[in-house]
Amino acid sequence: MSHAFRRIGGALGAALLAITSATTSAVPAHAAPVEHITNGSFDTGTDPWWATANTALTVDSGRMCADIPSGSANPWDVSVGHNGVPLIDGADYTLRFSASASVATTVKANVQLNEAPYTAALSRDVALTPTAQTFTYTFTAGIDSANGTLTFQLGAATAYTFCLDDVSLSSEDSGTGGDGPEQVDNGDFGDGTSGWYTYGTTGTGVVAGRLCTSVPGGLANPWDAGVGQNDVALLAGHEYAFSFDAAADPGATVRVVVQLGATPYTSYFARDIPMTAAGGHFAYTFTATEDTDAAQVAFQVGGNTAAYSLCIDNVSLLGGEEEPPYVPDTGPRVRVNQVGYLPTGPKHATLVTEATTALPWELHNGAGSVVATGQTTPRGIDAASGQNVHTIDFSGYATAGTGYTLVADGQTSHPFDIGAVYQQLRSDSLQFFYTQRSGIAIDGSLVGDQYARPAGHLGVAPNQGDTDVPCQAGVCDYRLDVRGGWYDAGDHGKYVVNGGIATAQLLGAYERTKTAVTGRFGAGLGDSTLRVPERGNSVPDVLDEARWELEFLLRMQVPDGQALAGMAHHKVHDRNWTGLPLQPQDDPQPRELHPPSTAATLNLAAVAAQGARLFAPYDKAFADRALAAAKKAYTAAKAHPAIYADPNDGNGGGSYSDNDVSDEFYWAAAELYLTTGAAAYLADVTASRHHTGDVFSATGFSWGSTAALGRLDLATVPSALPAADKSRVRQSVLTAADAYLATQAGQPYGLPMPGTAGAYFWGGNSNIINNAIVLATAYDLSGVAAYRDGAVQAMDYILGRNALNQSYVTGWGEHASENQHTRIYSHQLDASLPHPPAGSLAGGANAGLDDPFAQQLLAGCKPMFCYVDDINSYATNEVAINWNSSLAWLSSFLADQGTAQPTGTPTCRVTYDNYGPWADGAGFTAQLAVTNTGTSTVDGWTIRFAFTGDQKIREAWMGRVTQSGAVVSAVNESYNARLQPGATAYVGFNATVGGAYANPKPSLVTLNGTPCAGP
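(A) Focus on the packing of aromatic side chains. Enumeration according to the criterion identifies 41 aromatic pairs in this entry. Relative to Phe945, the ring of Tyr912 lies with its centre 6.0 Å away and its plane at 65°, an arrangement referred to as edge-to-face. Of this pair, Tyr912 sits in strand E39 (residues 908–917) while Phe945 sits in strand E42 (residues 942–946); the two residues are 33 residues apart in sequence, bridging distant segments of the chain. Residue Tyr912 is classed as buried on the basis of its relative accessible area of 8%. Assessed through its relative accessible area of 2%, Phe945 is described here as buried. Taking 6.1 Å as the distance between ring centres and 80° as the angle between the ring planes, the aromatic pair formed by Phe924 and Phe989 counts as edge-to-face.

(B) Structural context of the sheet that holds strand E28 (residues 388–393). Taking strand neighbours across the sheet as the criterion, the 4 strands line up as E22-E24-E28-E27 in an open arrangement whose pairing is antiparallel. Strands at the two margins of the open sheet, each flanked by one partner only, are strand E22 (334–335) and strand E27 (377–381). Direction of pairing for E22 relative to strand E24 (residues 348–352): antiparallel, over a ladder of 2 bridges. Bridge pairing links Arg335 to Thr350 in E24.

(C) Spotlight on the pattern of salt bridges. Going through the model one piece at a time under the given rule, you end up with 34 salt bridges. For Asp466, the salt bridge goes to Lys494, with nearest N and O atoms at 2.8 Å. Within this pair, whereas Asp466 is found in the loop between helix H3 (444–447) and strand E32 (469–470), its partner Lys494 is found in strand E34 (residues 494–495), the two being separated by 28 residues in sequence. Accessibility expressed as a relative area gives 0% for Asp466, which makes it buried. For Lys494, a relative accessible area of 0% corresponds to the buried category. The shortest N-O distance in the salt bridge between Arg613 and Asp713 comes to 3.8 Å. Highlighted residues: Arg613 in helix H6 (residues 598–615) and Asp713 in helix H10 (residues 707–716), separated in sequence by 100 residues. By relative accessible area, which is 12% here, Asp713 ends up buried.

(D) Structural detail: the nonpolar core. Membership of the largest hydrophobic core comes to 154 residues, with the highest contact counts inside it found for Tyr422, Tyr634, Phe696, Met795, Tyr797 and Leu799. When residues of this core are assigned to their parent elements, the largest contribution, 12 residues, is made by H6. Excluding anything up to four places from it in sequence, Tyr797 contacts Tyr749, Leu751, Tyr760, Asn765, Ile768, Asn802, Gln806, Tyr808, Ala845 and Met864. If you look at the next biggest cluster of nonpolar residues, it comprises 39 residues, including Ala66, Val78, Val111 and Leu128.

(E) Main features of the side chain of Asn765. Here Asn765 lies in helix H12 (residues 764–782). With a relative accessible area of 2%, Asn765 lands in the buried category. A polar contact of 3.0 Å, which involves the side chain of Asn765, links it to the backbone oxygen of Ala842. With near-sequence residues (within four places) excluded, Asn765 lies in contact with Tyr797, Ile798, Tyr808, Leu841, Ala842, Gly843 and Gly844.

The rules we used
- Residues numbered from 1 in each chain as written.
- Predicted model: local features only at pLDDT ≥ 70, side-chain atom pairs only at ≥ 80, totals over all residues.
- Heavy atoms only, no water.
- Phe/Tyr/Trp six-rings, centres within 6.5 Å; stacked < 30°, edge-to-face > 60°.
- Helix = DSSP H or I, 4+ residues; strand = E, 2+ residues; numbered from the N terminus.
- Buried < 20%, exposed > 50% of the residue type's maximum accessible area, 1.4 Å probe, protein only.
- Pairing = 2+ DSSP bridges.
- Salt bridge = Lys/Arg side-chain N within 4 Å of Asp/Glu carboxyl O.
- Core = buried A, V, L, I, M, F, W, Y, C linked by side-chain atoms within 4.5 Å.
- Contact = heavy atoms within 4.5 Å.
- Polar contact = N/O pair within 3.5 Å; in protein donor to acceptor, adjacent residues only side chain to side chain.

Such coordinate-based values are descriptive only and should not be taken to indicate function.
Structure representation (structure tokens):
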């Protein structure tokens, strides 16, 4: 995630502290009249000046010139000018400019209305000669209008060249500026650098309460480096008071602007201000010329020969109008899952009402007919929302259809469907990762033209990485190619610890299908099920997507021969924060590798080990490379067990600090054991306090708390874990699931998360889903329908059954998030850009209000109301790969549930006998015996199971055996097709296996799609 800041220290910090400590109390404020001309010196070309069609504007030696044709009957037949001049009745104005003509001629200079009747506030005949002269006129405006213009009327009988320079039109401060609210967030830097961006500078941080940054010398233009704040609101015709404290050591000239924060960067205020080490207070007023929510306050710090340090403080922009109190649009008081419900699953809704006794409800089908009725259950005041609520339970209705609505207390819910509603959400939530890819062009033919873009961060200008990235100063003396991977969240950073859990959950979504009955051995996650460029390569698409990140994680490993060889760099990202919007291919910031950390190294070890066993059937060479890297990383982490990421290393990217890595050690050891079966890794697993501890907290697991990942895999992935230990591990999942069900039952909105403010935090939606993943896993282990129903019901909250009546997934639901915080999909700031793609999960309600926008808008909110669908609220509305990975895992589980009833009692029993390795150790011989324990004859059978590693069937008998990836299918021969009740079918085979991978017996064997008891 983004927006953390880092404090600076050492010699640089001391130097900046000396600047900020210099006294400024005796320095007078710098005041100035209000300037109405933008680019009057033509340093940036001719924009926003205009000319009539019969001439053109050019810049020649710093002057704006125009060739005036001959033959004009009137002066106004040929004109140049500048619009957007506010005229205030009774205000005093001064017009000053330098002008010349190649032949002596007289022109008119007018300040007038820019619309009928074109009333002039000033009109002067100006006699020009070939020598430039300076002209000054003062006047008092006699009209009020925000639509004034400065016009030079140049028409003449004889052709000539007109040149203009140093144009200024200013008015005296009317004294009304600053009457409105503050438009700058965190202008005193009490919240660190939150809300501010920097680029082209180094060492940015808050020192002695001021934002300070080091500016390199020799930058050609002021705008080549800067400090600023985006998303400032302005109202046309309103006067603003702009003030700040600033100091530069040694002295330097800084261009300070208030301008539009995107093309065409319209300027509302601009000053080149000489600043000294002594510092001063600067105050100005100006009048905004247009309405915008996308202005920026910017200190453009380039253009100076020598390097210097700049410190700013108390930045203030007062004016405009007070925003009315924010009241969210919560829609109808009947809150439902706006996507829909599974026919056989729970169907709950929440009614917000003042009533304290039961109320009648009606379920209407798409045609408006009443198809079910009932009474609500009063629940009292919900602590998380502060609302008095009732529950509606219509689980007894199971007819599939579209356009259903619930009616209660005079309110009609948003429409929803009943059916297999999660199939497309599985695809959409996984598709998010392709559009987040770094280092590859995004193909619009796969995901829509609006999401097409060139590859980012491949070293193509203006990018400066990621193919040859140096470390932060003092960290290392080598450079790495760390291309690829996924952009983490709303920024362009790539973080190993967040990429680790996200990759693990994508891998886990597929691995679940090899052991869970409803997973059907990956039928819904196979090749060509996603819109990715690798589709059609005979590898499940979800594994292709996970590999894109896994390849990046491998590249982050410290090379052999270096001091920390085998460790993993914690992250790579921009040197300084960038603003929004910014496409990856347009990012100009230098990229830096940050120091290795034990947490990152263990993430690499865990995910590479898991990936190795899953890729072994498809790409043995890649799997072996991943396993070797995993082993090397684990060894390096044990040698360096306490190298922690600096919590203050947060400029240009999030810090992702974590000073307890015991959970990562447990997770990595578990994955290495499950992949290799090696006793040394099992010893580390069983020695960890997490192996017998409670790893399932009430508020869920996440990137900083990963022991649950190891526990869930130990409970589900086949292994030789001792039976008693395996039973205890599996029971711990069921025990945690029971606790989540109890929590869910106490929450009127049906989420498996406590209702306290502490349970609503940054990215909390992901943690809610992770609790649902534990419930889903408990169902996979036990077949107990209550766990499945708990997981199903948890998704209701995410898709609209909440206090805000808000679906948190873009494109899913009647009222869904669409303005998530991201530099890539910034439609709210730039209409030419798209909203985030369908299937993107917002972080969700965050009672901590950890960003200035949320603080100002939502102060005092009840926990479930602490969310706003606005791009400025990164702490409630950001996207992130680890949030979408949890959504993808659960969506895949729900899609696998389809419309069927939960699994019943098995009607077959299986034993699996491995008769041991061949003499050369290159393979083994095994046999399955499947007994029909039902009461009906099976006429024709298919037995199916999945290997865990690189096992390959060589030959088989008593059945026609095929293998696709890890999945083995055995079809009866003609002579053994019928299985009477009590009869047994036998299938034997020889298979090859490498020595690096475990070879446990499968935990799931099915007969004609039905799971068998055993093996």
